[in-house]
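Coordinate inspection notes
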Amino acid sequence: MKIGKVIVMVVAVVVLTALGYGLASWFLGKPDQNAKGATQLEQTLAQLSSDTAATDGEYAIGDRLSGNADKGSKKATVFDPAFPELQWDNLMPADWDPMAAFRGLNIAELQDNDPKAQEALEKMRKAWNDAPVNTAYTGKKVRIPGFAIPIEQSEKGVDELLLVPYFGACIHTPPPPANQIIHVKLSEPQPAVGAMQAYWVWGELTASKFSSELGDAAYLLSATGIQPYED
């Protein structure tokens, strides 16, 4: 899946720059478990670290939420059909390559201070901050599960947040591409939204650039509803 490759590239940023954002992602922490079906690039990245992914209770760095579509035999939560579930992968245009900056590089041979690595990372960061949106979903009513990062809070609670597709994004690891971060404006403040808590959020999705110290978002979700995510 494309988002899986994005997570791998986030890991590459951590490994190549040694910026201390936390330990390696779920893939690098579990190379044996994920070896089956891995691309050559993913296998190479998996060899760069043997650190175990940090955990924080229920989720580990890199964990993603399955949503209703992958519940299997479990009873799925019933939502308003006016807000169909949106997959994170679909927020990236099919012809956009998040790994373009690393094409042609032998990552296994790069060192932290290698000018080629630094050049590729700078190119990747710019490309990710300017990541294009999928216009097919702008102006649509959608519902999506993700991890919350509060950014605006009033006396009544959290008014705005960033929603990201995997645990640890923007906090334990560098931020994902802008088209994998959603700026959420809540219709009503929520009194207790903690960093990296899992939520379902639904509302109208539009293309709107939002920059913060935690990361740049390419989408805005004007939320009419939010509720904790439950497996």
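Everything here concerns the structure above.
Everything numeric in this text was worked out from a predicted model, so none of it was measured.

Membership of the largest hydrophobic core comes to 31 residues, with the highest contact counts inside it found for Leu91, Leu161, Leu163, Ile182, Val184, Val201 and Leu205. Those elements giving two or more residues to this core turn out to be α5 (115-129), β3 (140-154), β4 (157-164), β5 (182-190), β6 (197-212) and β7 (215-228). Looking at which element gives the most residues to this core, the answer is β7, with 5 residues. Among residues more than four places away in sequence, those in contact with valine 184 are Asp159, Glu160, Leu161, Leu163, Val201, Leu221 and Ala223.

Further remarks concern the pattern of salt bridges. Scanning the model with the defined rule gives 3 salt bridges in all. Between arginine 103 and aspartate 97 there is a salt bridge, with the nearest N and O atoms lying 3.1 Å from each other. The partly exposed category is assigned to aspartate 97, whose relative accessible area is 31%. A salt bridge links lysine 126 to aspartate 130, with the nearest nitrogen and oxygen atoms 3.2 Å apart. Classification of lysine 126 as exposed rests on a relative accessible area of 58%. For aspartate 130, a relative accessible area of 48% translates into the label partly exposed.

A few words now on the sheet that holds β6. Taken in spatial order, the 5 strands line up as β3-β4-β5-β7-β6 and close into a barrel, and their pairing is mixed. When strand polarity is set aside, the average angle formed by the axes of neighbouring strands in this sheet is 45°. For β5 and β7, the ladder comprises 5 bridges, and the chain directions are parallel. Each bridged residue has a counterpart across the sheet, and for histidine 183 the counterpart in β7 is leucine 220.

Here is what the cut-offs are and how they apply
Residues numbered from 1 in each chain as written. Predicted model: local features only at pLDDT ≥ 70, side-chain atom pairs only at ≥ 80, totals over all residues. Heavy atoms only, no water. Core = buried A, V, L, I, M, F, W, Y, C linked by side-chain atoms within 4.5 Å. Buried < 20%, exposed > 50% of the residue type's maximum accessible area, 1.4 Å probe, protein only. Helix = DSSP H or I, 4+ residues; strand = E, 2+ residues; numbered from the N terminus. Contact = heavy atoms within 4.5 Å. Salt bridge = Lys/Arg side-chain N within 4 Å of Asp/Glu carboxyl O. Pairing = 2+ DSSP bridges. Axes fitted to C-alpha atoms, helices over the stretch in contact; angles between N-to-C directions.

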